[in-house]
Every structure is written in structure tokens, then in C-alpha cells.
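So you can see what is in the structure, the chains are spelled out below.
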Amino acid sequence: MFKNLIVYRIGPDWVPDLGAALEAFEHEPFVPCGATQPTSSGWTPPRGVVHAPLVESIGGQWLTKLMVEQKVLPSSVVKRRTDEIAHHIELQTGRKPGKKQQKELKEQATLELLPMAFTKQSAAQAWIDPEHRLLILDAGSASRADTVVTHLVKALPGFAVQLLQTRCSPAVAMANWLASGEPPAGFSVDRECELKSTDEMKSVVRYARHPLDTDEVRQHIELGKQPTRLAMTWAERISFVLTDQLQVKKLKFEDVVFEGKQGSADRPEDAFDTDVAITTGELVQLIPDLIEALDGELQPGELPSELTGAAPAAKPAAVASPAATDASSALATDTAPWD
């Protein structure tokens, strides 16, 4: 159900109201692109069933999904058609179109080609935990996450979020875990890692299916390379890759997590509810443990631990709440890929 995680703290002014959210989302459902419309976005049922609610509440957890459709129009195709129109004008008038007219011809060519363009659809799942005031997005990039946040802020009155920040940056913490060979309590380090130098060379070393408790890895860290990606497993239940931007990627639930699922959903329509309950139930434990492994939530006005000289602690995991920086960039209205 989730492959990536970007976590936000929901601001104090938003009052959860499921009925109001359902009504607000119904004003912006997903509608495919029109003939000359380069992109279209809107909410679609997270259950994947036509006419199902645009927001599902399961065990107090809200699920919704934003769909974005874009026309795929290669720039080379637009240029070729623009050149054809310009050449025709030159034959008729005896002069080449100037820069201003070339721009207008490009817009004309784009409008002509859009009805014939293929479309590309992408969706991002959004999970709101009203009790803990968290927003978790299944988004593989910051730009995709920003798009979903923008739509949520537009739809829900008083809704504002901040990206997660921790006292210890992921890069510093991951370097400490690799150098010491001691991952935080409840976590283990797996066999995938990316190290990048901070100098102008920006040299990169990648390990895949390779042990990381070696002198070679420690030497790279001693020479100043910082981990940008590190594969980890939590409680032998969820494996993932942590990035230096505090994004969780390649999320994978181990078989043990779903052992009790078989037979628990007699009807196909109940499978979605079961998946949501199990998945969110696991992640509401993983997320605070990961925050605590990174020295806890960074409070407003507080300096990161690496700036205060405090060493990142690998202490037993405990429930904590995330926080971080404003996210509100608008959806681009061109034909560039969403992410």
C-alpha cells in the first residue's frame, strides 16, 4: 500500500472534520485532461472503486489519493511543428518570423498537437493521522509531495503542514551508525548504502548486496564521505532505505506482518480495510521509533545536535512526534513530468 514515506506535522489550527473533508474533496474530483489541456489533477477514491468516497476513514486513519494526468508532448515534436509553420510563413511573406513570433508559433504548435498527445497518469496516496496530527505521503520525490500538500491546503480550511525535522540529521546519524557498527535500538543495518563526498568532486560510492561493517566503509566515512542512502530493517518487520533528506524509500513489509490477514477479510471489499489497518498500525510504530533514533523531534528555535556538539544517541526507541519546514508549491501547468 505504501512504497515511500514523506512525513509532515499538521499545524494546530486545523480541526479534523471528516464530513467537511468529504464535501471539500467532492468539489475537486479528478477529471481527465481536455483536448487542449496539458495537465489535470484531482482527488480519486483511494479504494480504487468508482463512486467510492474520496476520503476513507479506517480505524481513525484517513486515506485519500491525488491523481495527476499529463499530456506527453516531446519538445522535439513541438519544435518540428513550429519549424514547419515558420517555414510556411517564410515562403508566403519572404521573411523569417522574429523571436516574438517564434514564441507565438510554438504556442500554436503546442495547441495543435495536444489533442493527439498520449496521456500519463500518476497517483500519490495521502494518509492523515488526525490523532497524532501527522500527514504521511507515499511520494517518491519532494515535487510530487509538494503537489499533494498544495491540494490539501486548498481543500481543507486551516490545514497547514511542516516537513519533519530531527535533532540529528539523517546523514550524521547514518555515518555514526556505520562508523561505530552500532545501529539504533530496534533497527538493523542491511546491505545497501550510498556515500557521497562533500567536496567539489562530489564523488559517490555505492554498495549493493554488500556487507557494510567493513574497514573500507569506515575509511570512506573517515575521509569525509557522508551517507545519502542506507538500507535498514525495523523490528524484523519492515525494511526500507533511509535518505539524507529524511525520506523513506523502498518500503517493504516482511511476510510476518501479514500472517494473520488470510481469512480475516471474507469479502474482497474488506481487503482494503484490512490492508490499511495493518499497514498504518505498523507505520505508526515505525515513524516515532525512527524519529527517536535520530535524537528526537527538533523543536522550534532549537539547534540541530551536530551544531551544538551533542553526539547522536542510539537509545531505545520511544514514541515521539515529528516536525519541520513549510511546504506549499503550486502544481505546474506545463507538460513537464510530475516528478
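Scoring rules and cut-offs
Residues numbered from 1 in each chain as written. Predicted model: local features only at pLDDT ≥ 70, side-chain atom pairs only at ≥ 80, totals over all residues. Heavy atoms only, no water. Helix = DSSP H or I, 4+ residues; strand = E, 2+ residues; numbered from the N terminus. Pairing = 2+ DSSP bridges. Axes fitted to C-alpha atoms, helices over the stretch in contact; angles between N-to-C directions. Contact = heavy atoms within 4.5 Å. Parallel < 35°, antiparallel > 145°, perpendicular 65-115°, else oblique. Left-handed = near helix turned anticlockwise from the far one by under 90°. Nonpolar A, V, L, I, M, F, W, Y, C, P; charged D, E, K, R; others polar. Buried < 20%, exposed > 50% of the residue type's maximum accessible area, 1.4 Å probe, protein only.

Trainee: Whenever I open this one, the environment of Gln 219 confuses me. Can you help?
Mentor: Note that Gln 219 resides in helix α6 (residues 215-222). Sequence separation between Gln 219 and Ala 179 is 40 residues; the distance between their C-alpha atoms is 8.6 Å.

Trainee: I tried to follow the sheet that holds strand β8 (residues 187-196) on my own but got confused; where do I start?
Mentor: Strand pairing in a sheet takes place through backbone hydrogen bonds and is either antiparallel or parallel in direction. Spatial strand order, β9-β8-β10-β11-β12: five strands in an open sheet with antiparallel pairing. Each edge of the sheet is formed by a strand with only one pairing partner; in this case those strands are β9 (204-208) and β12 (248-253). Between one strand and the next, the sheet's axes are offset by a mean angle of 15 degrees, whatever the strand orientation. In this sheet, β9 lies alongside β8 in antiparallel orientation, the contact comprising five bridges. Paired with Lys 196 across the strands is Val 204, a residue of β9. Across the sheet, helix α5 (residues 170-180) touches β8, β10 (226-234) and β11 (238-243), and the angle it forms with β10 is around 70 degrees. Running at roughly 155 degrees to β9, α6 makes contact with β8 and β9 of the sheet.

Trainee: What is the right way to read the packing of helix α2 (residues 75-93) against helix α3 (residues 99-113) from this model?
Mentor: In a packed pair of helices, the relevant descriptors are the angle between the two axes and the axis-to-axis distance. As a packed pair, α2 and α3 sit with axes 8 Å apart at the nearest point and diverge in direction by 120 degrees. By the angle class used here, α2 and α3 are oblique. Here α2 runs over α3; the crossing is right-handed. Of α3, the residues touching α2 (which contributes Val 77, Val 78, Arg 81, Thr 82, Ile 85, Ala 86 and Ile 89) are Gln 101, Gln 102, Leu 105, Lys 106, Gln 108, Ala 109, Thr 110, Glu 112 and Leu 113. Of the residues contributing to the contact of α2 with α3, the split by class is eight nonpolar, five polar and three charged.

Trainee: Explain the pairing of β11 to me, please; I cannot follow it from the model alone.
Mentor: It is a general feature of regular strands that their side chains alternate between the two faces of the sheet. Taken across its six residues, β11 has six buried, putting it largely inside the fold. Side chains Ile 238, Phe 240 and Leu 242 project from β11 onto one buried face, and the interleaved Ser 239, Val 241 and Thr 243 project onto a second face that is buried too. One ladder, built from six bridges, connects β10 with β11; its direction is antiparallel. Along β11, the bridge assignment pairs Thr 233 with Ser 239. Connecting β10 to the antiparallel partner β11 that follows it, the hairpin turn spans three residues, and Ala 235 within it adopts a positive phi of roughly 55 degrees. Taken together, the four bridges between β11 and β12 define a ladder with antiparallel strand orientation. Counterpart to Ser 239 in the pairing with β12 is Lys 252. Hairpin connection of β11 to β12: four residues between the antiparallel strands, including Leu 246 at a positive phi of 60 degrees.

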